[in-house]
Amino acid sequence: MEHPENSEEYKGLTVNKGIEQPSIVNPYLKHRKKVRRRQFSVGEFVEGIVKGDVTVLSQAVTLVESVKPEHQAVAQEVIEKCLPYSGKSMRIGISGVPGAGKSTSIDVFGLHVLEKGGKLAVLAIDPSSERSKGSILGDKTRMEKLSVHPKSFIRPSPSAGSLGGVARKTRETIILCEAAGFDKIFVETVGVGQSETAVHSMVDFFLLIQLAGTGDELQGIKRGIMEMADGIVINKADGSNIEKAKLAASHFRNALHLFPAPDSGWSPKVLTYSGFYGIGIKEIWDMIYEYFDFVKANGYFDYRRNEQAKYWMYESINEHLRDSFYNNERIAAMLPVKEREVLNGQLTSFVAAKKLLDAYFEMMK
């Protein structure tokens, strides 16, 4: 019996059957088939990129960032065919201490230069978590005006643990953006550190953003990053902070005199501005244009581009050797064993490393 309370022994007590409950699934909901995005051929990728199709460009960048071998094979072929259309942009690296207002500054820098025409690509590198390996990729939300501009392309990418605070594939992405007709490329890096040399090796002008009123103005910055900077700008020079910004600029100018003259022959300038209020933006761009005229006139521009190409050739060799080593099945099996031997004190770290490398090179013969 469904309800025992309705039996004879419980006279006067009746329990109704109740109402049948409806299904939790909407009966009017139509099942949609999941449509898989069509994979473009190499020729279609190149044709779309050269025409300036942002959708095709985005998919090509995704291929470049993929770690799948089949994606990498297509990406490298696309990059090779796009090379003749690249190299004609102004590549500007932008770095600074966390909270210096890099994203807000890029928003106003970009709008200022787009008023004169051309197209701008912003490659924003977001730090990846050491624990989860994930990234927020929220830089685009802080570039409110630039993100909706029809002549701009903003691509946030995870740093994915790559040294230098810049995504490993950023240089290849620059080539694709140049082929798509973007004549200004901004590379926003994770933050300040001596490993920031990676971004310096792929841009023409390195802009450093600093803050005033944070204690010792030179405390939060390393000598190495100071020597790489082609221009230093002090942000938030507005309201009651103007005098502090001017004082900070004076400290930086004095510090720059202590460093050897850069190979370019250019004397780095220190300027103040306000990204929030858009004050002093024109002066910063005047400095950047002046730098480009200077290095193109003395031949340093071409020299630096050639040195960068050579540097990235060696970086690619190092990357492929590392991947080949760690993806080797025999080495992958040996690694935990050697790791245990090191932890148990049976081998030193250096001997264990040598045994692994010897085994790898023996297999390569």
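Calculation rules
- Residues numbered from 1 in each chain as written.
- Predicted model: local features only at pLDDT ≥ 70, side-chain atom pairs only at ≥ 80, totals over all residues.
- Heavy atoms only, no water.
- Core = buried A, V, L, I, M, F, W, Y, C linked by side-chain atoms within 4.5 Å.
- Buried < 20%, exposed > 50% of the residue type's maximum accessible area, 1.4 Å probe, protein only.
- Contact = heavy atoms within 4.5 Å.
- Axes fitted to C-alpha atoms, helices over the stretch in contact; angles between N-to-C directions.
- Helix = DSSP H or I, 4+ residues; strand = E, 2+ residues; numbered from the N terminus.
- Parallel < 35°, antiparallel > 145°, perpendicular 65-115°, else oblique.
- Left-handed = near helix turned anticlockwise from the far one by under 90°.
- Nonpolar A, V, L, I, M, F, W, Y, C, P; charged D, E, K, R; others polar.
- Salt bridge = Lys/Arg side-chain N within 4 Å of Asp/Glu carboxyl O.
- pLDDT = per-residue confidence, 0-100.
- Lys, Arg positive; Asp, Glu negative; His and termini not counted.
- Expected span 1.5 Å × (residues − 1).
- Patch = residues over 30% accessible without salt bridge, like charges linked within 9 Å, V, L, I, M, F, W, Y side chains within 5 Å.
- Areas by Shrake-Rupley, 256 points an atom, 1.4 Å probe, with all protein chains shown as cover.
- Phe/Tyr/Trp six-rings, centres within 6.5 Å; stacked < 30°, edge-to-face > 60°.
- Lys NZ or Arg CZ within 6 Å of the ring centre and 35° of its normal.
- Pairing = 2+ DSSP bridges.
- Right-handed = clockwise from strand over helix to strand, strands pointing away.

Attention shifts here to the nonpolar core. One finds I49, L176, I232 and I234 to be the most contacted residues of the largest nonpolar core, which totals 49 residues. Apart from residues no more than four positions distant in its own chain, I234 is found in contact with Q210, L211, A212, A245, A248, A249, F252, V270, L271, T272 and Y273. Listed in part, the 33 residues of the second largest apolar core include L146, F186, I284 and M287.

Between helix α1 (residues 42–50) and helix α2 (residues 54–65), the shortest axis-to-axis distance is 8 Å and the interhelical angle comes to 125°. Looking at the two axes, α1 sits oblique to α2. For the crossing formed where α1 meets α2, the hand is left-handed. Where α1 abuts α2, its residues E44, F45, G48 and I49 lie against V56, L57, Q59, A60 and L63. By residue class, the composition of the contact of α1 with α2 is six nonpolar, two polar and one charged.

Attention shifts here to the pattern of salt bridges. If you walk through the whole model with that rule in mind, you get 13 salt bridges. A salt bridge links E178 to R91; the nearest nitrogen and oxygen atoms lie 2.7 Å apart. Here the residue E178 occupies a position in helix α5 (residues 170–179), and R91 occupies one in strand β1 (residues 90–96), the gap between them amounting to 87 residues. As far as the burial class goes, E178 and R91 line up, both buried. Close ionic contact of K354 with D358 constitutes a salt bridge, the shortest N to O distance being 3.0 Å. Remark: D358 and K354 occur in helix α12 (residues 349–364); sequence separation between them is four residues, near one turn of the helix. Looking at D358, the relative accessible area reads 38%, which means it is partly exposed.

So, on to the confidence of the model for the chain. Of the residues in the chain, 81% have a pLDDT of 70 or more, and the chain-wide mean is 83. No element of the chain has a lower mean pLDDT than helix α7 (residues 223–228), which averages 76, and none a higher one than helix α9 (residues 281–297), which averages 96. Low confidence marks residues 128–138, where pLDDT is under 50. Its contacts with residues over four positions away, or in another chain, come to 18 contacts.

On the secondary structure map, R171 appears in helix α5. Here R171 is buried and forms no salt bridge, its nearest opposite-charge partner E172 lying at an N-O distance of 7.9 Å. In this view, R171 contacts R91, S201, M202, Q308, A309 and W312; residues no more than four positions away in its chain are not counted.

This next bit is on helix α4 (residues 102–114). Given 3.6 residues per turn, any residue in an α-helix points the same way as the ones three and four places further on. Helix length check: α4, at 13 residues, gives a terminal C-alpha distance of 18 Å against a target of 18 Å (1.5 Å per residue), a fit within 8%. Taken across its 13 residues, α4 has 10 buried, putting it largely inside the fold. Residues of α4 that are buried: K102, S103, S105, I106, D107, F109, G110, H112, V113 and L114.

Taken together, M313, Y314, I317 and L321 make up a surface patch of nonpolar side chains, about 400 Å² in accessible area. Mapping Y314 onto the fold places it in helix α10 (residues 300–326).

With that settled, consider the environment of S267. Among the secondary structure elements, S267 is positioned in the loop between α8 (242–256) and β7 (269–272). What makes S267 exposed here is its relative accessible area of 55%. Separated by 10 residues in sequence, S267 and H257 have C-alpha atoms that sit 9.3 Å apart.

So, on to the environment of G43. Among the structural elements, G43 can be located in helix α1. Of the residues examined, G43 reaches a relative accessible area of 46% and is grouped as partly exposed. Separated by 35 residues in sequence, G43 and V78 place their C-alpha atoms 7.9 Å apart.

A separate point is the packing of aromatic side chains. Scanning the entire structure with this criterion turns up 16 aromatic pairs. Ring centres of F325 and Y326 lie 5.1 Å apart, and the angle between their planes is 90°; on these two criteria the pair is classed as edge-to-face. For F325, a relative accessible area of 11% corresponds to the buried category. Put simply, the rings of F205, W266, Y291, F292, F294 and F301 pair up and form one aromatic cluster. Between K119 and the ring centre of F182, over which it is positioned, the NZ or CZ distance is 4.4 Å. A cation over a ring is seen here: K296 above F301, with NZ or CZ 5.0 Å from the ring centre.

Of the strand pairs in this sheet, strand β6 (residues 231–235) and β7 are connected by four bridges, and their pairing is parallel. Within the sheet, the bridge partner assigned to G231 lies in β7 and is K269. A crossover connection joins β6 to the parallel β7 through α8; in handedness this β-α-β unit is right-handed.

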